[in-house]
Amino acid sequence: MKKTYIPKLDDILGGGIIDNASVMFSAVPGVDYEAFGYQMLNGRLGEGDKGFIFTNVAEPETIIYEFRSYGWDLEKFLKDTQAFFVDGTSPFMGLPSDAKYSIEDYSQVEDVILEAIEDVPDGIGIINNLSTLIDYLGEDETINIIKKWNSHGKKYNASLIYLFTKWDYNHDLIQNLKKSMDCVVEIKTIEERVIIGQGFMVAHSSWSEPSDTMVLFFVVQPGGVKVYIPKILVTGPYNAGKSTFVKKVSKKSVSVDRKALSAFPTTIALDIGHLEYKGFIADVFGTPGQERFDLLLDVLGRESVGAFIIVDSTAPQTFARAKEMIRKAKAEAIPKVLIANKQDLPGALSPEEIREKMKLGEDIPIIPAIVTEGKGVTDALEALLGLLYGD
């Protein structure tokens, strides 16, 4: 198996793509999707494989700049001749090209790509963009050429990754394209009254049976394709450790607060964090615990897709309050993980004891934690991601 270097996509595909697979990323117009192919290429080059990009939509310099914006150094691989371009753009713009191969007429494209495939045995080729080929060559000829390229790719054990903008082509063409590929990943906007994001879904895979889950994603710079969780709520009673948890779980965070005058400073407003973990990104919102701020719970809970509930394992008298906050934050119906904090203190109840006292079902994971030391934080993240995306 070869990784796609998009962790969630690898999970859905059972570990990655099979050797010499043909994969099409099929996107509706206006969606960011080139990064899927480029991220795969960058990962494979980093592993020592050879690769090429056939471009008919942008000059090579523009693509080098895109790689740089994602934090990837394509120039290094080009200088080492580990990677090369097949330039189908510059000649049509009347510009000189220093790419290894350039295409001045589309009658050349079939043979040039076959030769490029031979130059990357056990490697990877990116075809960007399949739609332009169809527009120049016509539907039937493009399908025939794709079949020849895929056959050649299998002969040389090379993965071929096609980027396809799904304009208003006829249904038969779309079906024939899908049939010619080992795997098809659909990328589209996700709409609910307004467009709320972009998502991908594996529509077909010849080696696995992927779920039909639509996965939200962002393309970030630097970083590339990241699975996007719009909003995660962190709530729980006063002094349970919410602010510390937000800081531990977040790559960066800020407290919008003022401190109570007491021996134990505590947040009386809210915490906002940004989480990046295993190809996932999310915005994290921590709530205050005092009852006088309960009006914020409903506001902060809106549109949350998952929640962490923090409780003090040594304070069972606060457990009823924790359940009340779950209800007020409208977190009853969303995936949630309960974090049994302060496990290092005398009198701390075990997760099993907490489950019994709170009358929680087995569907809610309870993670023992010492948040100040970061213990249990990763386990909590894994548990919530598992609930959200079936990891």
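Everything numeric in this text was worked out from a predicted model, so none of it was measured.

Participant: How would you sum up unusual backbone geometry? Please name residues and give values.
Facilitator: Note that the residue after Q221, namely P222, is joined by a cis bond; omega there is -5°. With respect to the helices and strands, P222 occurs in the loop between β9 (215-220) and β10 (224-235). The residue D122 is not glycine, and still its phi comes out positive at about 65°. Position of D122 among the secondary structure elements: in the loop between α5 (109-118) and β5 (124-128). One non-glycine residue, K359, adopts positive backbone phi at about 60°. Checked against the element boundaries, K359 lands in the loop between α12 (351-358) and β16 (366-368). K359 sits in the exposed class, given a relative accessible area of 59%.

Participant: Got a sec to walk through the pattern of salt bridges? Specific residues and values, please.
Facilitator: One pass over the structure, following the stated rule, counts 15 salt bridges. Close ionic contact of K148 with E110 constitutes a salt bridge, the shortest N to O distance being 3.1 Å. Residue K148 is located in helix α7 (residues 139-155), and its partner E110 is located in helix α5; the two are separated by 38 residues in the primary sequence. Assessed through its relative accessible area of 45%, K148 is described here as partly exposed. Two residues, E373 and K375, come together in a salt bridge whose shortest N-O distance is 3.3 Å.

Participant: Can you explain the pairing of strand β2 (residues 51-55)? Please cite residues and give values.
Facilitator: Within β2, 5 of the 5 residues are buried, which leaves the element mostly enclosed by the surrounding structure. Here β2 shows two buried faces, one formed by G51, I53 and T55 and the other by F52 and F54. Bridge analysis of β2 against β5 gives 5 bridges, and the strand direction is parallel. Across the sheet, G51 pairs through a bridge with I124, a residue of β5.

Participant: Please provide a residue-by-residue account of the environment of E104, values included.
Facilitator: Position of E104 among the secondary structure elements: in the loop between β4 (101-102) and α5. On the basis of relative accessible area, E104 is assigned to the exposed category, the value being 60%. For E104 and T89, which are 15 residues apart along the polypeptide, the C-alpha to C-alpha distance reads 8.6 Å. Once you skip the residues sitting within four places of it in the chain, E104 turns out to touch P91 and F92.

Participant: Can you lay out α12 for me, pointing to particular residues and giving the numbers?
Facilitator: Taken residue by residue, α12 has P351, I354, R355 and M358 as its buried positions. The buried residues of α12 occupy one face: seen down the axis, they fall within an arc of 100°. Exposed and facing more than 90 degrees away from the buried side of α12 are E352, E356 and K357. The elements touched by buried residues of α12 are α11 (319-328), β15 (336-341) and β16. K359, located one to two residues past α12, shows a positive phi value of around 60°.

Participant: Could you give me a rundown of the environment of P368, with the residues and numbers involved?
Facilitator: Here P368 is to be found in strand β16. Counting along the chain gives 25 residues from P368 to Q343, while the straight-line C-alpha distance between them is 6.5 Å. The residues contacting P368, other than those within four sequence positions of it, are A340, Q343, P351, K375 and G376.

Participant: Kindly report on the nonpolar core, identifying the contributing residues and their values.
Facilitator: Counting residues in hydrophobic clusters, the biggest one holds 72 residues, and the most contacted among them are F25, I187, F200, F245 and F308. Considering every element that reaches this core, the biggest residue donor is helix α13 (residues 377-389), with 7 residues. Not counting the four nearest positions on each side in its chain, I187 is found in contact with F25, S26, A27, V28, V31, D32, Y33, F36, G199, F200 and F217. Counting 34 residues, the second-largest nonpolar core is a separate cluster that includes M24, I103, I113 and L160.

Participant: Describe the packing of α11 against α12, listing the residues and the values that go with them.
Facilitator: Viewed as axis vectors pointing N to C, α11 and α12 meet at an angle of 70°, and their least axial separation amounts to 10 Å. By the criterion of interaxial angle, the relationship of α11 to α12 is roughly perpendicular. For the crossing formed where α11 meets α12, the hand is right-handed. Counted together, F319, A322 and K323 of α11 and I354, K357 and M358 of α12 form the full contact between these two elements.

Scoring rules and cut-offs
- Residues numbered from 1 in each chain as written.
- Predicted model: local features only at pLDDT ≥ 70, side-chain atom pairs only at ≥ 80, totals over all residues.
- Heavy atoms only, no water.
- Helix = DSSP H or I, 4+ residues; strand = E, 2+ residues; numbered from the N terminus.
- Buried < 20%, exposed > 50% of the residue type's maximum accessible area, 1.4 Å probe, protein only.
- Salt bridge = Lys/Arg side-chain N within 4 Å of Asp/Glu carboxyl O.
- Pairing = 2+ DSSP bridges.
- Contact = heavy atoms within 4.5 Å.
- Arc of directions from axis to C-beta.
- Core = buried A, V, L, I, M, F, W, Y, C linked by side-chain atoms within 4.5 Å.
- Axes fitted to C-alpha atoms, helices over the stretch in contact; angles between N-to-C directions.
- Parallel < 35°, antiparallel > 145°, perpendicular 65-115°, else oblique.
- Left-handed = near helix turned anticlockwise from the far one by under 90°.

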